Amino acid sequence: MTAKTLLKGGRVVDPSQAVDDSLDVLLVDGAVAKVGSDVVAGEDTEVVDCSGLVVAPGLIDVHVHLREPGEEHKETIATGAASAAAGGFTAVCAMPNTDPPIDDPAAVGFVVAAGRAAGLSRVYPVGCISVGREGRRLTLVGEMVDAGAVAITDDGSPVMNSGLMRLALEYAQAFDVPVADHPEDVGLSAKGHMNEGIVSARLGLAGKPNASEDIHIVRDLLLAELTGGHIHLQHVSTRFGVESIRQAKARGVRVTAEASPHHLVLTHEAVDGYRTEAKMNPPLRTQADVDAVRQGVADGTLDTIATDHAPHHYDEKEAAFADAPNGIVGLETALGVVLTRVVGEGVIDLPTMVERMSCQPARAFNLPGGTLTEGAVADITVFDPDEKWTVDAAAFASKSRNTPFDGWELRGRPRRTIVGGRTVWSA
Amino acid sequence: MSEERLSLGKDLVGLEHLSAEQLQMILDTAEPFKEISERRIKKVPVLRGKTIVNLFFEASTRTRISFEFAEKRLSADTVNISSSGSSVVKGETLVDTARNLEAMRIDMVVIRHGASGAARFLAERIPSNVINAGDGWHEHPTQGLLDLLTIRDHRGPLQGLKVCIVGDILHSRVARSNIYGLRTLGAEVAVCGPRTLMPPSPEEMGCTVFTHVEEAIEWADVLNVLRLQLERMEGGYVPSLREYNRIWGVSSRRLEAAPRDILVLHPGPMNRGVEIDSDVADGDHSVILNQVTNGVAVRMAVLYLLAGGQPEKAEAAKQGAES
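Nothing here was measured: the structure is a model prediction, and the numbers come from that model.

Parameters and conventions
- Residues numbered from 1 in each chain as written.
- Chains lettered and ligands numbered in written order.
- Predicted model: local features only at pLDDT ≥ 70, side-chain atom pairs only at ≥ 80, totals over all residues.
- Heavy atoms only, no water.
- Domains from an automatic or database assignment.
- Contact = heavy atoms within 4.5 Å.
- Buried area = accessible area lost by both parts, 1.4 Å probe.
- Buried < 20%, exposed > 50% of the residue type's maximum accessible area, 1.4 Å probe, protein only.
- Helix = DSSP H or I, 4+ residues; strand = E, 2+ residues; numbered from the N terminus.
- Arc of directions from axis to C-beta.
- Polar contact = N/O pair within 3.5 Å; in protein donor to acceptor, adjacent residues only side chain to side chain.
- Salt bridge = Lys/Arg side-chain N within 4 Å of Asp/Glu carboxyl O.
- Core = buried A, V, L, I, M, F, W, Y, C linked by side-chain atoms within 4.5 Å.
- Pairing = 2+ DSSP bridges.
- Axes fitted to C-alpha atoms, helices over the stretch in contact; angles between N-to-C directions.
- Parallel < 35°, antiparallel > 145°, perpendicular 65-115°, else oblique.
- Left-handed = near helix turned anticlockwise from the far one by under 90°.
- Nonpolar A, V, L, I, M, F, W, Y, C, P; charged D, E, K, R; others polar.
- Expected span 1.5 Å × (residues − 1).

### Brief notes about the domain arrangement of chain A
Residue and element names in this part refer to chain A. In terms of domains, chain A is made up of domain 1 (4–55 + 377–426) and domain 2 (59–364). Placing a centre on the C-alpha atoms of domain 1 and another on those of domain 2 gives a separation of 25 Å. The partner domain 2 presents 46 residues to the 40 residues of domain 1 that form the contact. Interface area for domain 1 against domain 2, summed over the two sides, is near 3200 Å², with a carbon-plus-sulfur share of 67%.

Following this line, the structure appears as structure tokens:
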């Protein structure tokens, strides 16, 4: 039996084909069958009225922490996938800094299986660069890719050894997966708990200077240039980092780079009062850095928006600032925050947002989706760009509530998340 | 009369957000309390029936004893908890410790903790009054207040006075409380020390910066010389104590070159021969022991005010005790 769904009358925004028009989208058997005007539904077709809504290729978050295995009190692959679906994401890439870390093919297989069992948004595993995330020896990259890994990273920690990073960038080319790095020179930053600046000075907290991130970004760019490998720079937060990536792209270096929603809208002032819900790594920085990250997203230097969804149990954040862990959840606020504060403030237009949150993540990580071309996988996000709502962390599908956006008034929220032609979440 | 009374609010976690009027109120309230410690029987019933917990997660001798004297001379019932031997070392969280104390119906907590923000963290979670006795690198407000009182005793109003804090500003809660309190009361503030021990943006905090102690001495009316924590050497912030003394140590020879009669403070405990030479510590410039004496009076004033005492009635409250 065939499954047919017709998304009728929505504003279809698909930057991969330069489409932005009021159109219908017909999905048949998990694939996009037709995009056009006045597509006629057969009797066996489920018709979804999308008038007033945006229909876009499904959002993809290439940077999430789902905490399983090892820290299931914070999140599981199933609750993380549910959070993704509720946030309008049809696919997420799970970072490997679990306990044990995802550093061999069997562990990769576990994530694949748990994601399938959840049956919600797609969960793609990312494998470690180094065995045990210890920064010494390369993992079985080829076998991990065969098992389903879509990238490698030691995220949570940077790869401090430049020689190892060089090997990773060279070796990964055989499997055509990006090497993602959390850029941070820990010799400069390890003792820090927030951005180094006037706020850290006032609060008496050790800081992480921009230079700790800048040095590592520049190093990674040089190594990508040396090797021809694909470096993916995670959660870029500094103005010099953005400018360095811009220049590297102009030189033809194979680099893709992320901006996180929080680095697009919050500064280190959000930490004042020792607010642990604003503690993350890289830290929130100054307005000049926020402006540069916004400019980077606008001109495509930062080609991807990714949340760095990092759940923590409330007990862990209910602590003195220095004792609280880094990270915030992001999947269920990303679309609203970006629509309200980035699109809404004219930094980018709506099609560019879809490009940064769907098309480009798919390209950068070689994932299905990110397009509504006929025959493409039917991963689709339907959202209302105008609906006003108030963030209520207590209502998250995620297991965790650690967000600085609780109580924010936002405009724009997901209405329906379709994965492989099947609605996995709807409002 | 519905005029809003000036008060400190529930807690004293720092000087940064206090107004000049509030700071002045504490200093003025400390004046009548000074005399209690000079009596033969050093006890008045101002805080009779109040229970106070001195919760010290970090080793402290001077501050803890000073608070304890202040509390006892005001007749409060006090309990001391230090981190060794408490349930804290058994893994209890700060918030659980606080809730347990609260469940025993205490009135005030004096907290010393190694983490910046710990006092505020506690203050936001329990209804008792919380007094910060030092939190990480953040603030040590009663030390700042006793420094202000001691400077005022010797140099009059702080408006326009030039005060330089010398030493490890980066890691110093005493420095921060001094900077905030002094600036609010109109003093000019400078900091001096090796760049490794400066916070990232002292100018943005309103401080003039001197690299050499000779420049600071040339400029200042008052020097507040901070203790150089010996672990800063292991941390690599300064290569040796001898070199630190040679370049940043406050010595009589250096003070003799000063254009004015400089007042020298030190929060203690001193490393003689490191940040301060003995001839300065024991000499005419030094008011270090006056600071210690004032510490008890300032803490009495803070306890009294947070317990709801009115500044103008401090003298009466005290006198009433003698009848």
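Right, picking up where we left off after that structure.
### Notes on helix α9 (residues 241–248) of chain B
Residue and element names in this part refer to chain B. Listing the buried residues of α9 in full gives Tyr244, Asn245 and Trp248. Buried positions in α9, seen along its axis, are confined to an arc of 105 degrees and lie on one side of it. Along α9, the residues that are exposed and aim more than 90 degrees away from the buried face are Arg242 and Arg246. Looking at the buried residues of α9, the elements they touch are β5 (162–166), β6 (188–192), α7 (213–219) and α10 (252–256). Its side-chain oxygen placed 3.4 Å from the backbone nitrogen of Arg242, Ser240 serves as the N-cap of α9.

### Structural notes on the interface of chain A and chain B
Across the contact, 19 residues belong to chain A and 22 residues belong to chain B. Across the chain A to chain B interface the summed buried area is about 1600 Å²; carbon plus sulfur atoms make up 55%. The largest contributions to the chain A side of the interface with chain B come from Arg202, Tyr274 and Glu318 of chain A, which together make up 33% of the buried area. Connecting chain A to chain B are 3 salt bridges. Here Glu16 of chain B and Arg202 of chain A are joined by a salt bridge, their closest N and O atoms 2.6 Å apart.

### Thoughts on the nonpolar core
Ranked by internal contacts, the top residues of the largest apolar core, which has 149 residues, are Leu233, Ile245, Leu302 and Met353 of chain A together with Leu145 of chain B. Broken down by element, the residue count for this core peaks at 10 residues, all from helix α12 (residues 288–306) of chain B. Counting only domains with at least three residues in this core, you end up with domain 1 (4–55 + 377–426) and domain 2 (59–364) of chain A. In contact with Ile245 of chain A, other than residues within four places in its own chain, are Ile217, Leu221, Leu233, Val236, Val255, Ala257, Thr301 and Leu302 of chain A. Ranked by size, the runner-up nonpolar core spans 27 residues in total, among them Leu223, Val225, Ile262 and Val274 of chain B.

### Some details on the sheet that holds strand β2 (residues 77–82) of chain B
Residue and element names in this part refer to chain B. Taken together, 4 strands build an open sheet; the order of strands is β2-β1-β3-β4 and the sheet is parallel. The sheet terminates laterally at β2 and β4 (129–135), the two strands that pair on one side only. Neighbour-to-neighbour, the strand axes of the sheet open up by a mean angle of 15 degrees, direction not taken into account. Pairing of strand β1 (residues 51–56) with β2, which is carried by 6 bridges, proceeds in the parallel orientation. Among the inter-strand pairings, Ile52 is bridged to a residue of β2, identified as Thr78. Packing of α12 onto the sheet brings it into contact with β1, β3 (108–113) and β4, and relative to β4 it is tilted by some 150 degrees.

### Looking at the packing of helix α2 (residues 62–73) of chain B against α12 of chain B
All names here are of chain B. Running from N to C, α2 and α12 point in directions that differ by 55 degrees, and their axes come no closer than 8 Å. Overall, the two elements α2 and α12 adopt an arrangement that is oblique. In this structure, α2 crosses over α12, and the sense of that crossing is right-handed. Contacts from Arg62, Thr63, Ser66, Phe67, Phe69, Ala70, Glu71 and Arg73 in α2 reach Val292, Gly295, Val296, Arg299, Met300 and Leu303 in α12. Among the residues making up the contact of α2 with α12, the classes are represented as 7 nonpolar, 3 polar and 4 charged.

### With respect to the packing of helix α4 (residues 162–171) of chain A against helix α7 (residues 210–227) of chain A
All names here are of chain A. One way to put it is that α4 packs onto α7 with a least axis distance of 9 Å and a crossing angle of 45 degrees. In terms of their interaxial angle, α4 and α7 are classed as oblique. In this structure, α4 crosses over α7, and the sense of that crossing is right-handed. Residue-level contacts link Ser162, Met165, Arg166, Leu169 and Glu170 of α4 to Arg219, Asp220, Leu223, Ala224, Leu226 and Thr227 of α7. Residues of the contact of α4 with α7, tallied by class, amount to 5 nonpolar, 2 polar and 4 charged.

### Re the pattern of salt bridges
All names here are of chain A. Scanning the entire structure with this criterion turns up 45 salt bridges over all chains. In this structure, the salt-bridge partner of Arg246 is Asp299, at a minimum N-O distance of 2.8 Å. On the criterion of sequence distance, the pair formed by Arg246 in helix α8 (residues 239–251) and Asp299 in helix α10 (residues 287–299) is long-range, its members being 53 residues apart. Taking relative accessible area as the criterion, Arg246 reaches 26% and is therefore assigned partly exposed. What makes Asp299 partly exposed here is its relative accessible area of 38%.

### As for the sheet that holds strand β6 (residues 59–64) of chain A
Residues and elements named next belong to chain A. Taken in spatial order, the 3 strands line up as β6-β7-β8 in an open sheet, and their pairing is parallel. Because the sheet does not close on itself, it has two edges, and the strands there are β6 and β8 (122–125). Strand-to-strand, the axes of this sheet are offset by a mean angle of 20 degrees, without reference to chain direction. Here strand β7 (residues 89–94) runs beside β8; their pairing, made up of 4 bridges, is parallel. Looking across to β8, one finds that Ala94 is bridged to Pro125. This element, helix α2 (residues 105–118), spans β7 and β8 of the sheet and lies at about 175 degrees to β8.

### Remarks on α2 of chain A
Residues and elements named next belong to chain A. If you check α2, its first and last C-alpha atoms are 20 Å apart, about what 14 residues at 1.5 Å a residue would give, namely 20 Å. Looking at α2, one finds that the buried residues are Ala107, Val108, Val111, Val112, Ala114 and Gly115. Burial along α2 is one-sided: seen end-on, the buried residues are contained in an arc of 165 degrees. For α2, the exposed residues set more than 90 degrees away from the buried face come down to Ala106, Arg116 and Ala117. Directly after α2, the chain includes Gly119, whose backbone phi takes a positive value near 65 degrees.

### Concerning the environment of Val111 of chain A
When you line up the elements, Val111 of chain A lands in helix α2. Residues contacting Val111 of chain A, with those up to four places away along its chain left out, are Ile77, Ala94, Ile102, Val123 and Pro125 of chain A.

### A closer look at the environment of Arg239 of chain A
Residues and elements named next belong to chain A. With respect to the helices and strands, Arg239 occurs in helix α8. On the basis of relative accessible area, Arg239 is assigned to the partly exposed category, the value being 42%. The spatial distance from the C-alpha of Arg239 to the C-alpha of Gly296 is 8.9 Å, given a sequence separation of 57 residues. Ignoring any residue separated from it by four or fewer positions in sequence, one finds Arg239 in contact with Asn210, Thr286, Ala288, Asp289 and Ala292.

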